[in-house]
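Commentary on secondary and tertiary structure
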Amino acid sequence: MADWRSKEAKYYMKVVNRQSIVIVKGEGTRVWDDEGKDYLDFTAGWAVNNIGHANPAITAAIQTQAGQLLQTSNQFFTIPQLELAELLVENSCMEKVFFCNSGAEANEGAIKLIRKWGKINKNGPGEIITAYKSFHGRTMNMVAATAQPKYQEAWAPIPTGFTHVDFDDITQIKNATNENTVAVMLEPVQSEGGVNIPSSDYLSNVRSWCDENNLLLIFDEVSTGLGRLGELFGYQLFDVEPDVLTLAKGLGGGVPIGAFLCNQRANVLEPGDHGSTFGGNALTCAASEASTRFIIEEDVPGNSRNVGKYMKDQLENLRMKHEIISDVRGIGCLVGVEFSADIAGKLLSACNDNGLLLNVTATNIVRWMPPLTVTKEEVDEAIEKFDKALDIAKV
Ligand SMILES: Cc1ncc(COP(=O)(O)O)c(C=O)c1O
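Below: a short report on this structure. (Residues numbered from 1 in each chain as written. Predicted model: local features only at pLDDT ≥ 70, side-chain atom pairs only at ≥ 80, totals over all residues. Heavy atoms only, no water.)

Concerning the sheet that holds strand 1 (residues 23–27)
- Strands sit in the order 1-2-3-13 across an open sheet of four strands; the sheet is mixed. The open sheet has two free edges, formed respectively by strand 1 and strand 13 (356–357), since each of these has just one partner strand.
- This element, helix 13 (residues 376–393), spans strand 2 (30–33), strand 3 (38–41) and strand 13 of the sheet and lies at about 105° to strand 3. (Pairing = 2+ DSSP bridges. Helix = DSSP H or I, 4+ residues; strand = E, 2+ residues; numbered from the N terminus. Contact = heavy atoms within 4.5 Å. Axes fitted to C-alpha atoms, helices over the stretch in contact; angles between N-to-C directions.)

Written out as structure tokens, the structure is:
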């Protein structure tokens, strides 16, 4: 059998410390490695496989589209792109959409749109307020927007134009606003930063502040969009509509696609302002349309809400048994478990041995983010594996 770990060491850039598992197949919430061992996948490809691995809806759409047309460029109209655009706009508070290939790219496009809006409507200001512990991607601008030193330190000079404030503190946003400010950019719930949920009135207060000061509000829903929080979009949960919305991850269900959407007020881009060779290509749009339609028609957000609550409750119960669990927080199928010691690495290995995949966001935090089609029985199985892994990791 090929030694994939040695090949990785020899050929691949070491930008991540991988877990020692070679995944070759998936179905629903489960994946299999190259030795036939199965795992419950509660990482969902980093919140991507929202309707599970190898969902027949996506597979069929890809097979059909692959036999017809993959790519034409945006020089021409293509049907899957426009069908997906209609589906997203008709099911959100947004008016227009542009497709790209990733979350970082969606945010980059959104920043361009906002800066242009600032030039037209405010005579030039381009500064954007973002939050500490946010995560907006790995391009240079998104590293600047992401207010976490560990993602910035190695890459100086960092682009300017972003001001950082504490999440869930409206006073800091007010104090940080000046004549150069054009927008506030937030994740409705911070995911990579440790699953941080704002107080119930925070986002509506930010919305009011933006309205009073003629600022745009951008929600980065790359992680929270498409049902993860138990609503199709996270903004619905808080009843706060942004001017600009970015999506990726669960939008494709596994194929690389991103999108930025805007309302009429922010609809300022014109021919020549933006573009992408692959963005909005027929193949990824067909897969994304099939996945998004499935999410809407099968009420996948409802399952995310119900089973996610069950999952959180079961994790809360485990807290009674394992004192090392200091907090369990989350909404829908995005739940963070925090520990009073730095056991996340050891715990992850023990989980892997038991056949459970989880994600670490800090040395003392693990994220539970299964496919949104996960069942209560699968949650029970995962909890049992986690419980046993905790017995090993906490000593
Ligand atoms: C909220 C948020 N925005 C943006 C990104 C970047 O997305 P991508 O990795 O597709 O560029 C991520 C990735 O984790 C994210 O969680």
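Having put the structure on the table, let's press on.
Details of the side chain of T181
- Mapping T181 onto the fold places it in strand 7 (residues 181–186).
- Of the polar contacts made by the side chain of T181, one reaches the backbone nitrogen of N178; its length is 2.8 Å. (Polar contact = N/O pair within 3.5 Å; in protein donor to acceptor, adjacent residues only side chain to side chain.)

Structural notes on a nonpolar patch on the surface
- Residues Y12, M13, V15 and V16 make up a contiguous nonpolar surface patch of roughly 470 Å² in combined accessible area.
- Relative to the helices and strands, Y12 is located in the loop between helix 1 (4–11) and strand 1. (Patch = residues over 30% accessible without salt bridge, like charges linked within 9 Å, V, L, I, M, F, W, Y side chains within 5 Å. Areas by Shrake-Rupley, 256 points an atom, 1.4 Å probe, with all protein chains shown as cover. Salt bridge = Lys/Arg side-chain N within 4 Å of Asp/Glu carboxyl O.)

Here's the deal with the nonpolar core
- Counting 80 residues, the largest nonpolar core has F42, L315, F339, L347, W368 and F386 as the members making the most contacts within it.
- It is helix 13 that contributes the most residues to this core, seven residues altogether.
- Here this core spans two domains, since at least three of its residues come from each of domain 1 (4–54 + 299–393) and domain 2 (69–297).
- Counting residues in each nonpolar core, the second largest holds 21 residues, with W117, I128, V244 and C262 among its members. (Core = buried A, V, L, I, M, F, W, Y, C linked by side-chain atoms within 4.5 Å. Buried < 20%, exposed > 50% of the residue type's maximum accessible area, 1.4 Å probe, protein only. Domains from an automatic or database assignment.)

A short note on helix 3 (residues 56–66)
- Within helix 3, burial applies to I58, A61 and Q65. Taken down its axis, helix 3 places every buried residue within 65° of arc, on the same side. Facing away from the buried side of helix 3 by over 90 degrees, the exposed positions are P56 and Q63.
- The inward-facing, buried residues of helix 3 contact helix 4 (79–90) and helix 10 (282–297). (Arc of directions from axis to C-beta.)

Some words on the sheet that holds strand 11 (residues 325–331)
- Spatially, the four strands line up as an open sheet ordered 11-12-15-14, and their pairing is antiparallel. Strands with a single pairing partner mark the edges of an open sheet, and in this sheet they are strand 11 and strand 14 (359–362). Here the strands of the sheet are splayed against their neighbours by 25° on average, with no regard to which way each runs.
- As judged from the four bridges shared by strand 12 (residues 334–339) and strand 15 (residues 365–368), these two strands associate in the antiparallel manner. Along strand 15, the bridge assignment pairs V337 with V366.

A short note on the packing of helix 4 against helix 10
- Viewed as axis vectors pointing N to C, helix 4 and helix 10 meet at an angle of 30°, and their least axial separation amounts to 8 Å. Relative to helix 10, the element helix 4 lies roughly parallel. Along this stretch, helix 4 crosses helix 10, giving a crossing that reads as left-handed. Seen from helix 4, the contacting residues are P80, Q81, E83, L84, L87 and L88; seen from helix 10, they are A282, C285, A286, S288, E289, T292, R293 and I296. (Parallel < 35°, antiparallel > 145°, perpendicular 65-115°, else oblique. Left-handed = near helix turned anticlockwise from the far one by under 90°.)

Remarks on the site of the ligand
- Near the ligand, the surroundings consist of S102, G103, A104, N107, F135, H136, G137, E187, D220, V222, S223 and K249.
- Contact distances for the ligand include 2.8 Å between an oxygen atom and a backbone N or O atom of G103.
- One nitrogen or oxygen atom from the side chain of K249 is found 3.1 Å from an oxygen atom belonging to the ligand.
- In the complex, 80% of the free accessible area of the ligand, which totals 390 Å², lies under the protein chains.
- For the shell around the ligand, the element with the highest residue contribution is helix 5 (residues 103–122), accounting for three residues. (Near = heavy atom within 4 Å.)

Comments concerning the side chain of D33
- Looking at where D33 falls in the secondary structure, it is placed in strand 2.
- Salt bridges are absent for the buried D33, whose nearest opposite-charge side chain, K37, sits at 6.0 Å.
- Within the structure, the side chain of D33 is placed 2.8 Å from the backbone nitrogen of E35, a separation counted as a polar contact.
- At a separation of 2.8 Å, a polar atom in the side chain of D33 contacts the side chain of Y39. (Lys, Arg positive; Asp, Glu negative; His and termini not counted.)

Points about unusual backbone geometry
- Along the chain, A156 connects to P157 via a cis peptide bond; the corresponding omega equals 0°.
- With respect to the element layout, P157 can be found in the loop between helix 6 (140–145) and strand 6 (162–165).
- Phi at V195 takes a positive value of approximately 60°, unusual for a residue other than glycine.
- Mapped onto the elements of the fold, V195 is located in the loop between strand 7 and helix 8 (202–212).
- The exposure class of V195 is buried, given its relative accessible area of 0%.
- One non-glycine residue, D299, adopts positive backbone phi at about 45°.
- By the secondary structure assignment, D299 is in the loop between helix 10 and helix 11 (300–321).

Remarks on the pattern of salt bridges
- Under the defined criterion, the tally for this structure stands at 20 salt bridges.
- E231 is the salt-bridge partner of R305, the closest N and O atoms lying 3.9 Å from each other. Remark: E231 occurs in the loop between strand 8 (216–220) and helix 9 (234–238) and R305 occurs in helix 11; sequence separation between them is 74 residues.
- With relative accessibility at 27%, the residue E231 sits in the partly exposed group.

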